[in-house]
Amino acid sequence: MVIPELNKPKDTWCLHYARGLGCNIYQDRPPSCRDFSCHWLIDPTLGPEWKPNKCKMVMHAKDDALAVHVDPGANTPWRREPFYSQLLEKSARNIDRGAMVLVMEHGRTTIILPDRGVDLGVIGPGDRIALAKVMTVTGPIWQARLVRA
Ligand code: SF4
């Protein structure tokens, strides 16, 4: 993730990360690092398969969105089971209140709807995601689209 205080861009290694050891400025790490809560550690519904170093994904809940950040070196791990089904389930449980499940991968964002993932592309500053529940011949479905700033 982006660490503004360190000018660290997304999808790059932090200069303070020591392989096999962890953060070498842990006591003095910046506020962005201190404030981060890995969702895997606080959501009891997420099993051991979601441990970030195993699944290659880190979840972060903020406001009304659950963001799944994917390791750029991994090949769409969120599409594999049991991850995909669990993401669909999380979407189904929360979308009625406007909460979104978003997968961030290679600069693109995919929104997970209750029955599928929709690639929204690259989201720019001020862009927003519009959600709509529409009726079809087989029942209601959710649709999502990106509204450019
Ligand atoms: S916790 Fe340490 S290693 Fe991790 S991003 Fe922050 S400063 Fe870098």
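Cut-off values and rules
Residues numbered from 1 in each chain as written. Predicted model: local features only at pLDDT ≥ 70, side-chain atom pairs only at ≥ 80, totals over all residues. Helix = DSSP H or I, 4+ residues; strand = E, 2+ residues; numbered from the N terminus. Buried ≥ 20, exposed ≤ 12 C-beta atoms within 10 Å, placed from the backbone. Near = placed C-beta within 6 Å. Nonpolar A, V, L, I, M, F, W, Y, C, P; charged D, E, K, R; others polar. pLDDT = per-residue confidence, 0-100. Domains from an automatic or database assignment. Expected span 1.5 Å × (residues − 1). Arc of directions from axis to C-beta. Contact = placed C-beta atoms within 7 Å. Pairing = 2+ DSSP bridges.

A short note on the overall build of the protein chain
Then, number 1: When you go through the protein chain residue by residue, the secondary structure sums to four helices and nine strands.
Then, number 2: When the elements of the protein chain are put in sequence order from the N terminus, they spell out β-β-α-α-α-β-β-α-β-β-β-β-β.
Then, number 3: Along the first, second and third principal axes, the C-alpha atoms of the protein chain reach 55 × 35 × 25 Å.
Then, number 4: When burial is assessed residue by residue, the protein chain has 14% of its 149 residues classed as buried.

What about the site of the ligand?
Then, number 1: Residues in close proximity to the ligand include Ile3, Cys14, His16, Tyr17, Cys23, Ile25, Arg29 and Cys33, which together make up its full environment.
Then, number 2: Looking at the shell around the ligand residue by residue, the classes come out as six nonpolar, one polar and one charged.

Re the confidence of the model for the protein chain
Then, number 1: For the protein chain, the average pLDDT comes to 96, and 100% of its residues sit at 70 or higher.
Then, number 2: Looking over the protein chain, one finds the lowest element-wise mean pLDDT in strand β3 (residues 57-62), namely 94, and the highest in strand β7 (residues 117-121), namely 98.

A short note on the domain arrangement of the protein chain
Then, number 1: Each assigned domain of the protein chain is listed with its residue range as follows: domain 1 (1-36) and domain 2 (38-147).
Then, number 2: On a C-alpha basis, the centres of domain 1 and domain 2 stand 24 Å from each other.

Observations concerning unusual backbone geometry
Then, number 1: Look at the link from glutamate 81 to proline 82: it is a cis peptide, with omega at 10°.
Then, number 2: Counting through the fold element by element, proline 82 comes out in the loop between β4 (65-70) and α4 (83-94).
Then, number 3: Within the chain, histidine 106 stands out as a residue other than glycine whose phi angle is a positive 50°.

Here we look at α4
Then, number 1: Helix length check: α4, at 12 residues, gives a terminal C-alpha distance of 17 Å against a target of 16 Å (1.5 Å per residue), a fit within 8%.
Then, number 2: Every buried residue of α4 is accounted for by Leu87, Lys90 and Ser91. Axial view of α4: buried residues confined to an arc of 100°, hence all on one face.
Then, number 3: Contact partners of the buried residues in α4: β4, β5 (100-105) and β6 (108-112).

A closer look at the pairing of β7
Then, number 1: Across four bridges, β6 lies against β7 in antiparallel orientation. Residue pairing for β7: isoleucine 112 is matched across the bridge by glycine 117.

Overview of the environment of asparagine 24
Then, number 1: Secondary-structure assignment places asparagine 24 in the loop between β2 (22-23) and α1 (31-35).
Then, number 2: Residues asparagine 24 and histidine 69 lie 45 residues apart in sequence; the distance between their C-alpha atoms is 23 Å.
Then, number 3: Setting aside residues up to four positions removed in sequence, asparagine 24 forms contacts with His16 and Ala18.

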